[in-house]
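Chain by chain, the residues:
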Amino acid sequence: MPRPSSKFVCQQCGHEALKWMGRCPECEAWNSFQEEIVAPKAPTKGAKAPPGPVVLSGRPQRITEVTSLTQKRLSTRLGELDRVLGGGIVPGSLVLVGGDPGIGKSTLLTQVAHHFSQDHGPVLYVSGEESAEQIRLRADRLAMSSPNLYLLGETDILQVEGQVDQLRPACLLIDSIQTMYTPESTSSPGTVSQVRHATQVLMRMAKTLHLPVFIVGHVTKEGAIAGPRVLEHMVDTVLYFEGERGHTYRLLRAVKNRFGSTNEVGIFEMAEEGLLEVPNPSEYLLAERSQYAPGSAVTATVEGTRPLLVEVQALAVPTQMVAPRRVTTGLDASRTHLLLAVLEKRAGVRCSTQEVYVNVAGGVRVVEPATDLGVALAVASSVLEAPVPPDTVMAGEVGLAGEVRAVGQMEKRLAEAARLGFRRAVIPRRNITPRLKQAGMDVVPVESLRQALEVVLGV
């Protein structure tokens, strides 16, 4: 009988090697190889039979002959979650939820399980990290105890499949995929092969039973889903929970969605009774804004179809260091460094002798280039000690030549600003259209960053 052999597999990308290596040659991750036992294959007796003709199971169809199906979506009674999913849960979809520890993933799944069990039938909540008693304590704290919600503490994915065949739930929740294992693989839970096999079993159940499945995934220090990238490729939707643990606001963002847009974002507030939806996030984020304080500017961004006003705070401190510090929170650091260079070269604002700290208030992270103008004016306001008028909002992309470029969906941005009481908007000149003049605001067009400094700060 052949003896079992071993191989070393990178836990980040799945690259296989015959011996342990300190650094993966594929993804360049350090100390990511782990030994896995390869079960021996049963020996085959006799010569192989010649292959016979292939039996065709179907024929190609013209795209005009294929009937179009309308996916019926199931509501979770959480409007923010339904928004990110594209309008609700699609039966048979596989949804991966990731986020930092303690960010609220299990709380969100508990609320989804409670509402779903009340509206659509029995729900099975499988936990490999907590016991049923621990989940019951969380459900009691959230005041969510439905008789149609079934709890199961299990890590064997085949046992979970057997329970699903008996119960036939309307929804399945797995917390978490890194704790699941299959006896068919000899490696430990959380490895590449175990995660792949467990996800394949869940995907088969989801597609054959039209069963919506939610999976919780751990994240690494870099904020990515732990384990192989193949996990994100196998599922239908990948959701990330974002937010600082010291803040009460949480952002739910879709980075992959086969049934909807990946531009939508849901905003929740973490409270004692669970995750609460935030209907007017701009109003909440600007509630504690300091008026007439240098270094504060309000910019209008768009997350999916939702306009959002955020406060950008900047602090510039003179320093004698050769390489001044640049610290950013909630913004892309490389983009912020670019704006500092444009400020000094094109607008004459001295930043090379200043330590610059830039923050988006409220723990929100924005990545849209339309916030460039707000970030640049906030930094200039702090360097020059000139406050931005509190009734002014701005939006625009800044180019390397110092020009202010046009951005999309300007009508939505100005309508949201007017609703919150802003009276003046500084926007790119190319965004000026007849409809913008009806927004009830004083719209000031600018062509360059230097002109924006003159209009807003008077310098």
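Residues numbered from 1 in each chain as written. Predicted model: local features only at pLDDT ≥ 70, side-chain atom pairs only at ≥ 80, totals over all residues. Heavy atoms only, no water.

## Points about the confidence of the model for the protein chain
We count it as follows: As a per-residue measure, pLDDT reflects the predictor's confidence and takes values from 0 up to 100. Helix and strand definitions here come from DSSP, where helices need a minimum of 4 consecutive H or I residues and strands a minimum of 2 consecutive E residues; each element is numbered from the N-terminal end.
Per-residue confidence for the protein chain gives a mean pLDDT of 87, with 92% of residues at or over 70. Mean pLDDT values over the elements of the protein chain span from 78, in strand β3 (residues 33-38), up to 97, in strand β18 (residues 397-398).

## Details of the packing of helix α8 (residues 333-346) against helix α9 (residues 372-384)
Quick note on the threshold: To obtain each axis, a line is fitted to C-alpha atoms, and for helices this fit is confined to the stretch in contact; angles are then taken between N-to-C directions over 0 to 180 degrees. Just so you know how the angles are binned, under 35 degrees is roughly parallel, over 145 roughly antiparallel, 65 to 115 roughly perpendicular, and the rest oblique. Rotating anticlockwise by less than a right angle from the far helix to the near helix defines a left-handed crossing, while the corresponding clockwise rotation defines a right-handed one. Every residue pair with non-hydrogen atoms within 4.5 Å of one another is taken to be in contact. Throughout, the ten residues Ala, Val, Leu, Ile, Met, Phe, Trp, Tyr, Cys and Pro are labelled nonpolar, Asp, Glu, Lys and Arg are labelled charged, and all others, Gly among them, are labelled polar.
Viewed as axis vectors pointing N to C, α8 and α9 meet at an angle of 60°, and their least axial separation amounts to 10 Å. As summarised for this structure, α8 and α9 are arranged oblique, according to the angle between their axes. Read as a crossing pair, α8 and α9 show a hand that is right-handed. Contacts from Arg335, Leu339, Leu340 and Leu343 in α8 reach Asp372, Val375, Ala376, Val379 and Ala380 in α9. Grouping the amino acids of the contact of α8 with α9 by side-chain chemistry returns 7 nonpolar, no polar and 2 charged.

## Here's the deal with the pairing of strand β4 (residues 94-99)
Regular strands place side chains that alternate from one sheet face to the opposite one. Spelled out, the test is: Relative accessibility under 20% of the residue-type maximum defines a buried residue, over 50% an exposed one, and the middle range a partly exposed one, all with a 1.4 Å probe and only protein chains included. Only strands joined by at least two bridges in the DSSP assignment are considered to pair.
Taken across its 6 residues, β4 has 6 buried, putting it largely inside the fold. Going residue by residue along β4, you find Leu94, Leu96 and Gly98 tucked away on one face and Val95, Val97 and Gly99 tucked away on the opposite face as well. Taken together, the 5 bridges between β4 and strand β8 (residues 213-217) define a ladder with parallel strand orientation. Residue pairing across strands places valine 95 opposite phenylalanine 214, the latter belonging to β8.

## Concerning the sheet that holds strand β20 (residues 424-428)
Strand order across the open sheet formed by 7 strands is β15-β16-β14-β13-β17-β20-β21, with mixed pairing between neighbours. One side of each edge strand has no neighbouring strand; the edge strands of this open sheet are β15 (326-329) and β21 (442-446). Between one strand axis and the next, the sheet turns through 25° on average, direction left out of account. Running at roughly 80° to strand β14 (residues 306-318), helix α10 (residues 410-419) makes contact with β13 (296-303), β14, β17 (392-394), β20 and β21 of the sheet.

## Examining the packing of aromatic side chains
For clarity, the threshold we go by: Here a pair means two rings of Phe, Tyr or Trp (six-membered ring of Trp) with centres within 6.5 Å. Their orientation is stacked below 30 degrees between planes, edge-to-face above 60, and tilted elsewhere.
The final tally for this structure, using the stated rule, is 2 aromatic pairs. With centroids separated by 6.3 Å and ring planes inclined at 70°, the aromatic side chains of phenylalanine 241 and phenylalanine 268 adopt a geometry described as edge-to-face. Placement of the pair is phenylalanine 241 in strand β9 (residues 237-242) and phenylalanine 268 in strand β11 (residues 265-271), with a sequence separation of 27 residues. Pair check on accessibility: phenylalanine 241 and phenylalanine 268 agree, each one buried. Centroid distance tyrosine 249 to tyrosine 284: 6.2 Å. Interplanar angle 75°. Geometry classified as edge-to-face. Linking tyrosine 249 in strand β10 (residues 249-257) with tyrosine 284 in helix α7 (residues 281-285), this pair joins segments that are 35 residues apart in sequence. Residue class for tyrosine 249 comes out buried when judged on its relative accessible area of 14%.

## Some thoughts on the pattern of salt bridges
Selection criterion: Between Lys or Arg on one side and Asp or Glu on the other, a salt bridge is scored when a side-chain nitrogen of the former is within 4 Å of a carboxyl oxygen of the latter.
Taken as a whole and judged by the stated rule, the model has 20 salt bridges. Of the charged contacts, one joins arginine 335 and glutamate 397 as a salt bridge, the two residues approaching to 3.6 Å between their closest N and O atoms. Of this pair, arginine 335 sits in helix α8 while glutamate 397 is found in strand β18, placing the two residues 62 residues apart along the sequence. On the accessibility criterion, glutamate 397 (25% relative accessible area) is partly exposed. A salt bridge links glutamate 403 to arginine 405, with the nearest nitrogen and oxygen atoms 2.9 Å apart. Connected through salt bridges with shared partners, the residues Lys207, Asp236 and Arg258 form a single ionic network.

## Considering the sheet that holds strand β1 (residues 5-10)
The strands making up a sheet associate through backbone hydrogen bonding, with each pair oriented either parallel or antiparallel. The strand order across the open sheet formed by 3 strands is β2-β1-β3, and the pairing between neighbours is antiparallel. In this open sheet, the two edge strands, each paired with only one partner strand, are β2 (16-17) and β3. Of the strand pairs in this sheet, β1 and β2 are connected by 2 bridges, and their pairing is antiparallel. Paired with phenylalanine 8 across the bridge in β2 is alanine 17.

## Looking at the environment of threonine 319
Rule in force here: Polar contacts, as used here, are pairs of N or O atoms within 3.5 Å; protein pairs need one atom able to donate a hydrogen and one able to accept it. Residues neighboring in sequence count only if both atoms are side-chain atoms.
With respect to the helices, strands and loops of the structure, threonine 319 is situated in the loop between β14 and β15. Owing to a relative accessible area of 15%, threonine 319 belongs among the buried residues under this scheme. A sequence separation of 34 residues divides threonine 319 from threonine 353, and the C-alpha atoms of the two residues are 5.9 Å apart. The contacts of threonine 319, once residues within four sequence positions are left out, are Pro324, Thr353, Gln354 and Glu355. Here the side chain of threonine 319 touches methionine 321 through a polar contact of 3.2 Å, landing on its backbone nitrogen.

## A word on helix α4 (residues 157-167)
Condition: Working definition: the arc comes from the directions between the helix axis and the C-beta atoms, pointing outward to the latter.
All of the buried residues along α4 are Ile157, Val160, Glu161 and Val164. End-on, the buried residues of α4 take up no more than an arc of 100°, which puts them together on one face. Turning to α4, the residues buried within the fold contact β5 (123-127), β7 (171-175) and α5 (192-209). Two or three places before leucine 158, at the start of α4, stands the capping residue aspartate 156, its side-chain oxygen 3.0 Å from that residue's backbone nitrogen. One or two residues past the end of α4 sits arginine 168, with phi positive at roughly 50°.

## Brief notes about the pairing of β11
By the bridge criterion, 5 bridges tie β10 to β11 in an arrangement that is antiparallel. Note on β11: the bridge partner recorded for leucine 251 is isoleucine 267. Bridging between β11 and strand β12 (residues 274-277) involves 4 bridges; their strand directions are antiparallel. Considered in β12, the bridge of alanine 271 is made with glycine 274. Remark: 2 residues form the turn of the hairpin made by β11 and β12, two consecutive strands paired antiparallel.

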